Structures are given as structure tokens and as C-alpha cells.
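Remarks on the overall topology
Now for the letters of each chain:
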There are 2 protein chains.
Amino acid sequence: MHQLPTERVFCRRTSTFEENASLMNVTIKDIAKMANVSYASVSRALNGKEGVSQATKTRILAIAQEMNYQPNEIARGLVKKQTLTLGLIIPDITNPFYPFLARGAEERANQAGYNLFLCNTNYQIENEIKYIQILIEKRVDGLIISPSSSQTERLEEKVRNALPIVYVSNAPQQTQNGFVVSNNTYGGFIATKHLIESGYDPIGFIGGFQGAGMVEDRLQGFRDAHRAYGMEVREDFVYLKDYHQETAYHLIQEMIRSRQIPKAIVAGNDILALGIMEGAKNLGFSIPADLAVVGFDDIPLASMEEIQLTTVKQPQYEMGSMSVDILVRLLENPADLKTKKVILDPQLIVRKTA
Amino acid sequence: MHQLPTERVFCRRTSTFEENASLMNVTIKDIAKMANVSYASVSRALNGKEGVSQATKTRILAIAQEMNYQPNEIARGLVKKQTLTLGLIIPDITNPFYPFLARGAEERANQAGYNLFLCNTNYQIENEIKYIQILIEKRVDGLIISPSSSQTERLEEKVRNALPIVYVSNAPQQTQNGFVVSNNTYGGFIATKHLIESGYDPIGFIGGFQGAGMVEDRLQGFRDAHRAYGMEVREDFVYLKDYHQETAYHLIQEMIRSRQIPKAIVAGNDILALGIMEGAKNLGFSIPADLAVVGFDDIPLASMEEIQLTTVKQPQYEMGSMSVDILVRLLENPADLKTKKVILDPQLIVRKTA
DNA sequence: GTGAAAGCGCTAACAG
DNA sequence: CTGTTAGCGCTTTCAC
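Residues numbered from 1 in each chain as written. Chains lettered and ligands numbered in written order. Predicted model: local features only at pLDDT ≥ 70, side-chain atom pairs only at ≥ 80, totals over all residues. Heavy atoms only, no water.

To continue, consider the sheet that holds strand β9 (residues 292–297) of chain A. Note: strands within a sheet are paired through backbone hydrogen bonds, in either parallel or antiparallel orientation. Residue and element names in this part refer to chain A. Strand order in the open sheet formed by 6 strands is β7-β6-β8-β9-β10-β12, and the pairing between neighbours is mixed. For this open sheet the edge positions go to β7 (238–240) and β12 (347–349), each flanked by a neighbour on one side alone. Averaged over all adjacent pairs, the angle separating strand axes in this sheet is 15 degrees, with direction ignored. In this structure, β9 lies alongside strand β10 (residues 310–313), joined through 4 bridges in parallel fashion. Bridge pairing in β10 places Gly295 opposite Thr311. (Pairing = 2+ DSSP bridges. Helix = DSSP H or I, 4+ residues; strand = E, 2+ residues; numbered from the N terminus. Axes fitted to C-alpha atoms, helices over the stretch in contact; angles between N-to-C directions.)

Surrounding DNA strand C, one finds 29 residues, the nearest of these being Ile28(A), Lys49(A), Tyr69(A), Arg76(A) and Lys81(B). Within 4 Å of the protein, the contacting atoms of DNA strand C are drawn from sugar and phosphate to the extent of 70%. Ile28(A) is positioned with one of its backbone polar atoms (N or O) 2.7 Å from a phosphate oxygen of DNA strand C. Here a phosphate oxygen of DNA strand C sits 3.3 Å away from a polar atom, N or O, in the main chain of Asn72(A). (Near = heavy atom within 4 Å. Polar contact = N/O pair within 3.5 Å; in protein donor to acceptor, adjacent residues only side chain to side chain.)

Attention shifts here to the protein's contact with DNA strand D. Neighbouring residues of DNA strand D: 29 residues in total, closest Gly51(A), Lys81(A), Lys49(B), Tyr69(B) and Arg76(B). Here, DNA strand D places atoms within 4 Å of the protein, and 65% of those atoms are sugar or phosphate. Contact distances for DNA strand D include 2.7 Å between a base nitrogen and a side-chain N or O atom of Arg44(A). In this structure, Ser53(A) approaches DNA strand D through a main-chain N or O atom, which is 2.8 Å from a phosphate oxygen. Those elements giving two or more residues to the surface near DNA strand D turn out to be α4 (39–46) and α6 (73–80) of chain A together with α4 (39–46) and α6 (73–80) of chain B. Partitioned by chemical class, the residues of the surface near DNA strand D number 13 nonpolar, 10 polar and 6 charged. (Nonpolar A, V, L, I, M, F, W, Y, C, P; charged D, E, K, R; others polar.)

Another point: the interface of chain B and chain A. Taken together, the 49 residues of chain B in the interface contact 49 residues of chain A. When chain B packs against chain A, the two sides together hide about 5000 Å² of surface, and 52% of this comes from carbon and sulfur. When the buried surface of chain B facing chain A is broken down by residue, Ile74(B), Arg103(B) and Arg139(B) rank first, second and third, together holding 13% of it. Applying the counting rule to chain B against chain A returns 34 residue pairs in polar contact (both at pLDDT 80 or more). When contributions to the side of chain B that touches chain A are tallied by element, the ones reaching two or more residues are α6, α7 (98–111), β2 (115–120), α8 (125–137) and α13 (270–281) of chain B. A per-class count over the side of chain B that touches chain A returns 22 nonpolar, 15 polar and 12 charged. (Contact = heavy atoms within 4.5 Å. Buried area = accessible area lost by both parts, 1.4 Å probe.)

Here we come to the environment of Ala267(B). Residue and element names in this part refer to chain B. Examined against the element boundaries, Ala267 turns out to sit in strand β8 (residues 264–267). We classify Ala267 as buried; its relative accessible area is 0%. Separated by 48 residues in the primary sequence, Ala267 and Leu219 place their C-alpha atoms 9.7 Å from one another. Setting aside chain neighbours within four positions, we find Ala267 in contact with Ile206, Leu272, Ala273, Ile276, Val294, Gly295 and Phe296. (Buried < 20%, exposed > 50% of the residue type's maximum accessible area, 1.4 Å probe, protein only.)

With an RMSD of 0.1 Å, the fit of chain B onto chain A corresponds to turning through 180 degrees and sliding 0.1 Å along the axis. Look at the turn and shift together and you get a two-fold axis relating the two. In terms of proximity to the rotation axis, the leading residue of chain B is Phe117(B), whose C-alpha is 2.3 Å off the axis. (Least-squares fit on C-alpha atoms with pLDDT ≥ 70 in both.)

Turning our attention to unusual backbone geometry. Residues apart from glycine generally show negative phi values, whereas peptide bonds are mostly found in trans. Each neighbour pair has its own omega, and for Asp201(B) with Pro202(B) the value is 5 degrees, a cis peptide bond. A cis amide bond links Ile287(B) to the next residue, Pro288(B), at an omega of 5 degrees. Relative to the helices and strands, Pro288(B) is located in the loop between α13 and β9 (292–297). Even without being glycine, Asn161(A) reaches a positive phi, approximately 65 degrees.

Working note: regular strand, side chains alternate between the two faces of the sheet. All names here are of chain A. Extensive coverage of strand β2 (residues 115–120) is indicated by the burial of 6 of its 6 residues. A two-sided burial pattern is seen for β2, the buried positions comprising Asn115, Phe117 and Cys119 on one face and Leu116, Leu118 and Asn120 on the other. One ladder, built from 6 bridges, connects strand β1 (residues 85–90) with β2; its direction is parallel. Residue pairing in the sheet places Leu88 in a bridge with Leu118 of β2. Handedness of the crossover is the feature at issue here: the chain leaves β1, passes through helix α7 (residues 98–111), returns alongside β2, and the resulting connection is right-handed. (Right-handed = clockwise from strand over helix to strand, strands pointing away.)

A few words on the state of the cysteines. Here the structure, examined in full by the defined rule, presents 0 disulfides over all chains. With no disulfide of its own, Cys119(A) lies closest to Cys119(B) among cysteine sulfurs, the gap being 13 Å. The exposure class assigned to Cys119(B) is buried, which follows from its relative accessible area of 0%. (Disulfide = S-S within 2.5 Å.)

Shown next as C-alpha cells:
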């Protein structure tokens, strides 16, 4: 505390530009004054535009540097009517499905010069609407949203005429907007096909929230596969509840106790698959000998040595990056309506549970 | 495509306010014109400020509603010199440690009326600097950063005089800035203490990146525990490499093959612990009988039925929310320097691997 | 209670 | 090549 600041004084530069200037934000006006030019010229120099001689440009840039000038994107945004900012609205970043999606989105946004607001809605449509409102007021240039349900009328109404949006991972049936989703019907199909071809019969289905669209599609694929192989769907083995691991855990145990149990199960996602596996194992079942399980998503857990879950992998990172891609393209060329909707094929990863 | 839009026409309102107005953004000037008042009055009404009669206020609000007015936070920010926006700079959201931290930060920010830019740096200091620059230009009100190393001089220099920052999860030794970290020394201590008291001897340590500060502190706790129990640290069992699961996997297998192996290991984080467990198991070791393992973090994986990892839990969510808390408090009262630095005690979760 | 006017920091015509 | 000027949409004095 009482130490003399010898060194600092010693090192102080003769020019006091930097120290003073950086205390309060320096603007192009300050630079203009310093350089004896109009601030239009400063703007031109700073933005590398035509209309300044190389000489003055160099001088201006040097002064800007010296004064530690930081351009104000807010002010620029006000006149250019763009913020170089996007909103990413997802249900919950702690759900292992989303971090990769978010990463893909952020990385692509960054490449294109945009930043991303992260918004978690906790699967509440009210929060989705609240966030959309906030982001409109912040004048984000566009929105990526992974809606928690396929009831998106209220979202679309809110967003209409305000800003472009693209859906990711989940999209309403008949939207005008762009989207990137995975082919859930196909995913359900290949999961079921694999089980059928491996000789499992009958096969059950344990899925999550109805109304989001995804489960319904996966179940459709499940039915399609049965039909393709001339098999009847055992409706008493089809359950749609929620995405909690415990739900699946108890459900499977109930099934086992009542001795009404299929030889294999297609789970709505990996979390449910894990619940099923644990519930069955704890009742002495062996996986896949007594019960085969296929999950959905391929979260990092699935590939763990101890788990080795056979699952339908969704390209999460790509979904994130492609959705931003579509949005940015739309922003840069509003007329370009092609490649607006993409459906990515998921991929069956065969490990040891089926 | 060729369907006549009968219904839509039928439903169209006689007033065309909304349709027209929402096409291009309506401003307070538009409202003012509509209401026959100055736009100062509109501003006052909209912000619930003194200086408008209840009557005109009501009228203005009604018109604003009718015209579907959306306040422009950018313009407001320009004059108020605040954006109600914070930056969250972390290494990698796909590292399971961060989603909870991000969630805590986002939720608290949201409560305080702020939004959060999500920035992943991939553990690159250059990216940290690049992002700080961008966020300064976007005039975020403050910054939360989880630096990838304790070499933060360049960060601090960049940030100086520009905006307040608080560190989270990792902070340089001698910073003037606020931070929220966990007591890593204590964490290393209780992990080691538990192993010692359970009779394991000798005990090894496998940690990650040096230079970030965290590993060093955990190792310090490891040493402290040995000293407290009058035990020698077996330096040949102390390894500091990186945070890749494979690294730990191969390291432990090498140790086993060379028959130089401790009875227990404190791992730098849960990922490493998992690598150790798998490496050992695959060589026929039984956990914890042949080798006990304690992890660090308590990522969701750790509590899985199949894993049951004994670990030192860090309060990730709280770290996120508290760091925003400190930052917001600082923003709202720049003079308030108390409660700026918090060190949270981690907690030993005893499961089945030690 | 209300309006006029200045200005936040910047870009973009439009003149010279 | 350079300067002047008019905004972007809003808040905030300062008069009336």
C-alpha cells in the first residue's frame, strides 16, 4: 500500500494519450479533432472506404490506435439497422443434446461475424415467447429456435414481420420458415429395422412428451418398420410419457413385474434408454440377452465403455451450424429462398445393447 | 397453392393499423404523430415517467399497442450507455462442466434483466482476446470469463478501463477483479483425506493442464493431506498432462504394465477418473478393490448407476449465478466493492469407486 | 403537463 | 479527396 510506485512512473510514456483517452470512450469525433479532419473522413478511414488519401488514412489509423479507439457497434447498428447478433433459443443447455448444437451454431455464427444470445426456456412456451420479445427489442438480426412443442402459432405470430427465424431440431409441420431437423421417421425406422432383423420380437416403444412432433415421427418410423416386415405393432408395448430417466426406469420394472415384456425396446432418447437399462438390470435382466435397447441421440454417455448403447445418432453439431448458415444466408440475401429446409438423416450406431 | 384465401380475407380487421405498421418498425415518432403529442411525451408514457397526464398516457399506450410498437433497445442503449447485455466467455460448452455454469449465469442474468452472449474459446487465449474485443465493441455492460489459463495479463490489459469483469471457476492469483471459484486446495485435500482414511497407500495424482491454476491447487491439497497424516507424497505417482480421457486411460495402463501402481488415485477431473477406471478395468483390475479412484466436478455421468464415481462436487450452477450476481451488483453500484470475491467449498460425494 | 431541441456515436448522401 | 449535413430511435434537459 505504501510502496512508492517508482517503476510505474519510470515506465510512463511521455505521451499521455492512451491513459487519458481510455478513461472515457473515445469517439470518431475525438479522433477527427486530433487529426484535424472531419469525422466523416475518420469513418471512411476506419471502415476502409473510398474517399480518403492513403496519407490521411494512415495518419487517422495511427491516431485511432494511439487513442485506443474502440468502435461502437451499437451506434453503427443503429444506423445500419443490423446488430450482427442472433438469438439461440433452446429448452435447456444442461440437456446433453444441446451443447453440441449450441457449439455448432456459435462457431458458424462467429465465422459469419455474428454473436449469439443464449436463451434457455426450460421447455416452457411462455419463456420462448418472453425471450422472443426481448430479442426483438434488442433487434437481433435473426433467431434460431428449437421449440419445445409443435404448437408454434404464437411464436410465429410474434415473430411475423419482425425478424427471420429458422427452426432447429424441432419444427412445426407446415411452416413457411426454414428449418434443420433430423429425419425422425427414418430414425425410428432404422432402429426398429435393426431390432427386427436381429430377431427380436415383440418390440416395444417408450417415448417422451407428446406434442413436440419428434416422438410422433419416431413412433411412425417404428410402425413403418413393422409394416415393412409384415409384423403387427404391439400397442400394449407403446408408451408415450416424458423424458425422465426415472419414468423409463419404473416403467420397465412395472412391465417386468407384470411379466408383460417385449424382447426389445426402442427408446425415445438415450436418457430413456439408460433408464430402461438400469431398471431392467436391477431386476436381474441382462442386456441385450433378456432385453435389447436402442436409444436416440448418441449423447456422449452412450459411447462410454460401461454403457455401449446402440443408438440412432443425430448430427447435433451440424444441425446447429446449418441452421445458422441458413439464417445468415437469408439475412444476406432475403430473396434467396432455396436450401431453406433441410432434413438430415440420422445414423444407426450399433454398440452392445442391441 | 391455388387455394383461395377465403378465411383470411374474412377474418381481416377493418382497421389496417397493425398490418401496415408492423411491416416497417414503428417508432415513437409514429406514435406521437398518431396521438398528436410530442414524441417526448410518448417516451415518458412508455417509460412510466412523470410528466404526462393519466389521460394522454392511456391514449398513447393504447395507440402503441395498436400499432404493435416494439421499443428499440439499441437506440435506448446508445443514449443510456448501457446494453443490458453481458458476455459469458468459457472454454467449451460441450465440456459437461460448463452447461450448468452457463445455466446458472443465464438464469441470474435474466432475472436481473440482462441477456448473455455465449462465447466458446476452445481453451485458446487468442480466442479469449478476440472475443473480449468483439464484446467491447458491442458494448456489453460486463463480462464473465472462465479463463483457460492463469496467464490473464493480456486479458486484463484489454479489459482495463473498458468494462467490469468477473472471473468464474478459474481466476488469476492476484487479480483486482471479482471472482467465484471453488476451493481447489480444499477439494484436493478432502479427496486425498478420504483415501488415506480408507487405508489406501500409496496414492497417486493424475491431473490436467498445468498453468490454469486449478490443478496446481488440487495437487497442493493432495500434498497437504499427506503431510497432515504424516505420509510422504510419492512423486513418481504424480502426473500432470491434459484433460483427455485417453491420456488417463493409457497412463494407467502403462503404470499397470510396469507394475508401478498406487492403490488409489486422485484424478484432476471426472473425465480423467473415467479414463483411469476404464484403463484399469480393461486390464482386469477391479475398482475399488485393486484401485480406488476419486474424481473432481461431479458431472452427470458420475452419478450414473454404471459408474458411481466418488468425486469432489463443484457447485457449477452456483458459480455461474453468483458470478453474474457480483457483476450485476457492481454494475448497479460501482462503488460497492464488498462480496467481490467468493471461494466456494467443494463437497466430497462418496459413491463406489473409493 | 407538454413541447422543442440537443445529443448518444455512427453512416451515408450530397456538395464542393 | 474532403467537409457538411441529415438522420438512425431514443432519453433528457430546459423552457413554456
